[in-house]
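Below are the chains, spelled out letter by letter.
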Amino acid sequence: MIVCHELMRLRETITQWKQAGLRIGFVPTMGNLHAGHLSLIEQAQRRADKVVSSVFVNPLQFGEGEDFERYPRSLTTDADQLRQQGCDLLFAPDVALMYPELSEPVRVMVPRSLTGCLEGAVRPGHFDGVTTVVAKLFNMVQPDVAVFGQKDYQQWRVLSAMVTELNWPIEMVKAPIVRAEDGLALSSRNQYLTPMQRQIAPHLVRVLQAVVSDLSAGKRDFRGLEREASARLLAAGFDQVDYVSIVDAQQLTPACCADRDLVVLAVARLGTTRLLDNIEWSAV
Ligand code: AMP
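Let me begin by describing the structure that accompanies this report. (Residues numbered from 1 in each chain as written. Predicted model: local features only at pLDDT ≥ 70, side-chain atom pairs only at ≥ 80, totals over all residues. Heavy atoms only, no water.)

1. Quick notes on the environment of cysteine 87
Spelled out, the test is: Secondary structure elements are defined from DSSP: runs of H or I of at least 4 residues count as helices, runs of E of at least 2 residues count as strands, and each element is numbered from the N terminus. Throughout, a contact is declared for two residues whenever any of their heavy atoms are within 4.5 Å.
Along the polypeptide, cysteine 87 turns up in the loop between helix 3 (75-85) and strand 4 (89-91). Taking the C-alpha atoms as reference points, cysteine 87 and valine 267, 180 residues apart in sequence, are found 31 Å from one another. Sequence-distant contacts of cysteine 87, defined by excluding residues within four places in its chain, comprise Met1, Ile41, Gln45, Val51, Val52, Ser53 and Leu82.

If you want it as structure tokens, here you go:
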């Protein structure tokens, strides 16, 4: 596996691959890799001849007082895991390379209708950081296909809208959520949890499953289902519920009828750790 910290080496390699007619797959990450990330590499390998992954903890997508400083960084282990998975190139730029003029970086923004709700309402500006870094990475890597996790559902939706609106010829793939045996969605942030919190954490997906069962059973009081789910999370021991929302899968607007694809998203906190999860639902 080639490991690049510089743009020149990355560009030379990509150019060679493109000249050889190879299709390039890309998986951006913030590192501290787990089986969820590696499943994205596998998905990319199925759709491309060469797979590039990036590891970059992006300061622009963290808000004031969030965990940018303490976000787990483990580049050596990440590189080993990617090598074992058969990834072809790891791009690990530093902040100065990604943001040469960090005091006022150029930003790419998707309209607020998609970025101002859900995660964007709790973390203002978060998605401007995400779209900006992914736009820059797309320009650097020039992938034919990019793979993102359904775990960050809104992120996938926002980035897909960006690619469509900016006419990038990139196939956007949404990969299924990889879970621990007890159902908890794998996340780099799970390691912040105490043993006691780790026991409570899988209730998040169970509560989402209960909402989905209610939808399948024909319940249509969407706001009532959201309220009930929030109450169940608090009763299970979560310290705070940021939201439980049943939304239109495309527009991310609050669900009002069941003849469209929906997604049930929840974010709840154990101590200061925010856990995200979601399940898609459709009537057919
Ligand atoms: P992150 O390093 O957290 O920025 O995540 C990088 C990519 O991995 C994103 O597309 C995430 O949605 C995806 N990802 C994170 N956790 C999981 C998981 N448990 N299953 C599948 N994909 C995941």
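This is not the end of the story, as more comes after the structure.
2. Brief notes about the pattern of salt bridges
Note the cut-off: Note on definitions: salt bridges are taken to be side-chain nitrogens of Lys or Arg within 4 Å of carboxyl oxygens of Asp or Glu. With a 1.4 Å probe rolled over the protein chains alone, any residue whose accessible area is under 20% of its type maximum counts as buried; one over 50% counts as exposed, and the rest are partly exposed.
This model, assessed by the stated rule, comprises 18 salt bridges. Put simply, arginine 179 and aspartate 277 hold a salt bridge, and the shortest N to O gap is 2.8 Å. Placement of arginine 179 in the loop between strand 6 (171-175) and helix 9 (195-200) and of aspartate 277 in strand 9 (residues 273-281) is noted, with a sequence separation of 98 residues between them. Judged by its relative accessible area of 29%, arginine 179 falls in the partly exposed class. In this structure aspartate 277 comes out as buried when scored by relative accessible area, which is 4%. Glutamate 228 is the salt-bridge partner of arginine 232, the closest N and O atoms lying 3.1 Å from each other. With a gap of four residues between them, arginine 232 and glutamate 228 both fall in helix 11 (residues 222-236), about one helical turn apart. In the salt-bridge network here, residues are joined through shared partners; they are Glu119, Asp242, Arg269 and Arg274.

3. So, the sheet that holds strand 8 (residues 262-270)
Going by this rule: By definition, two strands form a pair when at least two bridges between them are found by DSSP. Axis definition: a line fitted to C-alpha atoms, limited for helices to the stretch in contact. Angles are taken between N-to-C directions and run from 0 to 180 degrees.
Strand order in the open sheet made by the three strands is 7-8-9, with antiparallel pairing throughout. Among the strands making up the open sheet, the edge pair consists of strand 7 (240-248) and strand 9. Pairs of neighbouring strands in the sheet enclose a mean axial angle of 10°, with direction left out of account. Bridging between strand 8 and strand 9 involves nine bridges; their strand directions are antiparallel. Bridged to valine 264 within strand 9 is isoleucine 279. Strands in contact with helix 10 (residues 203-216) are strand 7, strand 8 and strand 9; relative to strand 9, the strand with the most contacts, it is inclined by about 25°.

4. Quick notes on the site of the ligand
Threshold: Note on definitions. A residue lies near a molecule or strand when any single heavy atom of the residue is within 4 Å of it. Think of a polar contact as two N or O atoms within 3.5 Å of one another; within protein, one of them needs to be a possible hydrogen donor and the other a possible acceptor, and neighboring residues in sequence only count if both atoms come from side chains. Using a 1.4 Å probe, the Shrake-Rupley method yields the accessible areas, and only the shown protein chains count as cover for residues. Gly counts as polar in this scheme, as do all residues outside two lists: the nonpolar Ala, Val, Leu, Ile, Met, Phe, Trp, Tyr, Cys and Pro, and the charged Asp, Glu, Lys and Arg.
Among the 17 residues in the neighbourhood of the ligand, the closest are listed as Met30, Gly149, Asp152, Val178 and Leu186. Within the contact set of the ligand, an oxygen atom lies 2.9 Å away from a backbone nitrogen or oxygen of glycine 149. Leucine 186 is positioned such that a nitrogen or oxygen atom in its backbone is 2.9 Å from a nitrogen atom of the ligand. Across the complex, the protein chains shield 93% of the 490 Å² of accessible surface that the ligand would expose by itself. Contributing elements (two or more residues each) for the shell around the ligand: strand 2 (24-29), helix 2 (35-47) and strand 5 (145-149). Per-element tally for the shell around the ligand: the top contributor is helix 2, with three residues. Partitioned by chemical class, the residues of the shell around the ligand number nine nonpolar, six polar and two charged.

5. Some points on the nonpolar core
We apply this condition: Here, nonpolar core means buried Ala, Val, Leu, Ile, Met, Phe, Trp, Tyr and Cys residues that are tied together by side-chain atoms lying within 4.5 Å of each other.
Ranked by size, the top nonpolar core spans 47 residues in total, and within it Leu10, Phe138 and Met172 carry the most contacts. With nine residues, helix 7 (residues 126-141) is the single largest residue contributor to this core. In contact with leucine 10, not counting residues within four places along its chain, are Cys4, Leu89, Phe91, Met140 and Val141. Counting residues in each nonpolar core, the second largest holds 29 residues, with Val244, Ala258, Ala266 and Trp281 among its members.

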